[in-house]
Amino acid sequence: MITMPAKRPSVPLSRERIIEAALHIADSQGLRRLTMRRLGDALEVEAMAIYHHLPRGKEALMDALAEHVTAVHVEPGPTWQETAKAWCRAGRELLREHPGVLALALTKPPKGATAVAVREQTEQLAEAGLDNAAEAVRALRAFVFGSVAVEVQQSGWADPEVDQWVRRDERADMDFERGLDALLKGLQT
């Protein structure tokens, strides 16, 4: 009886490598096409090898992907407004880089590094003098997620009829900054 040797990846398997490969699949083919078998093929390993790094399997993978695109950290600015702008811009960029996992970012509750980042943002804004920092963080996160959702929708990313989707849109950038300024003014009062 001839046995086939196990697949051996050219690069050792790691949690980071798994997440990067999963992000690539989700962004290029959509989240529905992300299966453990397809991910194993992309990593040149048996799908079961992934469970060593993500024991809860696909659920752990989905949590890790959501965390990857929502755990944003920035240095505090001179004012709470500058800090909030930095958080929002960084969060937007990270979400725009990975439209394939936007749905996870919108639906998964903040856990792990994301929960730490939300606490950090709240503390930074409170320390800079913003009253009701926790409410402000919820409003800022909702604004960023909503803005990115509209951008992805209008970009053609999910449209099978579109060959090339628009990653950068100057109008979207202007709309984002205008909306962010308006939200920050509202939070001041």
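- For the chain, an unreviewed UniProt entry supplies the name TetR family transcriptional regulator and the organism Nonomuraea terrae.

## Section: the UniProt feature "DNA-binding region" (unreviewed entry) in the chain
Then, number 1: Cross-referencing UniProt, the feature "DNA-binding region" (unreviewed entry) maps to residues 35–54 in the present numbering.
Then, number 2: In residues 35–54, helix accounts for 75% and strand for 0%; the two terminal C-alpha atoms are 14 Å from one another.

## What to know about the pattern of salt bridges
Then, number 1: Per the counting criterion, the structure on display carries twelve salt bridges.
Then, number 2: A salt bridge links E151 to R92; the nearest nitrogen and oxygen atoms lie 2.8 Å apart. In this pair, E151 is assigned in helix α8 (residues 133–155) and R92 in helix α5 (residues 80–97), connecting sequence segments 59 residues apart.
Then, number 3: One salt-bridge network, in which partners are shared between bridges, spans R56, E59, D63, K108 and K111.

## Concerning the environment of S28
Then, number 1: Tracing the backbone shows S28 in helix α1 (residues 15–29).
Then, number 2: Within the local environment of S28, its side chain forms a polar contact with the backbone oxygen of H24, the two atoms lying 2.7 Å apart.

## Observations regarding empty space enclosed by the protein
Then, number 1: In total, this model carries one cavity of 30 Å³ or more according to the counting rule given.
Then, number 2: The computed volume of the largest cavity comes to approximately 160 Å³.
Then, number 3: If you go around the largest cavity, you meet 14 residues; those closest to its centre are V72, W87, G91, Q121 and R141.
Then, number 4: Those elements giving two or more residues to the lining of the largest cavity turn out to be α4 (58–70), α5, α7 (112–127) and α8.
Then, number 5: Grouping the constituent residues of the lining of the largest cavity by class yields ten nonpolar, three polar and one charged.

## Some details on the packing of aromatic side chains
Then, number 1: Considering all chains together, one arrives at one aromatic pair under this definition.
Then, number 2: Looking at R92, its charged tip hangs above the ring of F176, at a distance of 4.5 Å from the centre.

## Concerning the packing of α1 against helix α2 (residues 36–43)
Then, number 1: Axis separation between α1 and α2 bottoms out at 10 Å; the angle between their running directions is 115 degrees. Our classification of the angle between α1 and α2 gives roughly perpendicular. As α1 packs across α2, the resulting crossing turns out to be right-handed. Here α1 contributes R17, I18, A21, A22, I25 and Q29 to the contact with α2, which in turn contributes R38, L39, A42 and L43.
Then, number 2: Looking at side-chain class alone, the contact of α1 with α2 contains seven nonpolar, one polar and two charged residues.

## Re the environment of H68
Then, number 1: Along the chain, H68 falls in helix α4.
Then, number 2: In this structure, the C-alpha to C-alpha distance between H68 and I19, residues 49 residues apart in sequence, is 8.2 Å.
Then, number 3: Here H68 is in contact with I19, E20, L23, L94 and H98, once residues within four sequence places are set aside.

The rules behind the values
Residues numbered from 1 in each chain as written. Predicted model: local features only at pLDDT ≥ 70, side-chain atom pairs only at ≥ 80, totals over all residues. Heavy atoms only, no water. UniProt positions renumbered as here; feature names shortened; annotations may be inferred. Helix = DSSP H or I, 4+ residues; strand = E, 2+ residues; numbered from the N terminus. Salt bridge = Lys/Arg side-chain N within 4 Å of Asp/Glu carboxyl O. Polar contact = N/O pair within 3.5 Å; in protein donor to acceptor, adjacent residues only side chain to side chain. 1 Å grid on protein atoms, 1.4 Å probe; cavity = no way out; pocket = protein on both sides within 12 Å on 5 of 7 lines; lining within 4 Å. Points joined across faces, edges and corners; volume = space filled by probe spheres on them. Nonpolar A, V, L, I, M, F, W, Y, C, P; charged D, E, K, R; others polar. Phe/Tyr/Trp six-rings, centres within 6.5 Å; stacked < 30°, edge-to-face > 60°. Lys NZ or Arg CZ within 6 Å of the ring centre and 35° of its normal. Axes fitted to C-alpha atoms, helices over the stretch in contact; angles between N-to-C directions. Parallel < 35°, antiparallel > 145°, perpendicular 65-115°, else oblique. Left-handed = near helix turned anticlockwise from the far one by under 90°. Contact = heavy atoms within 4.5 Å.

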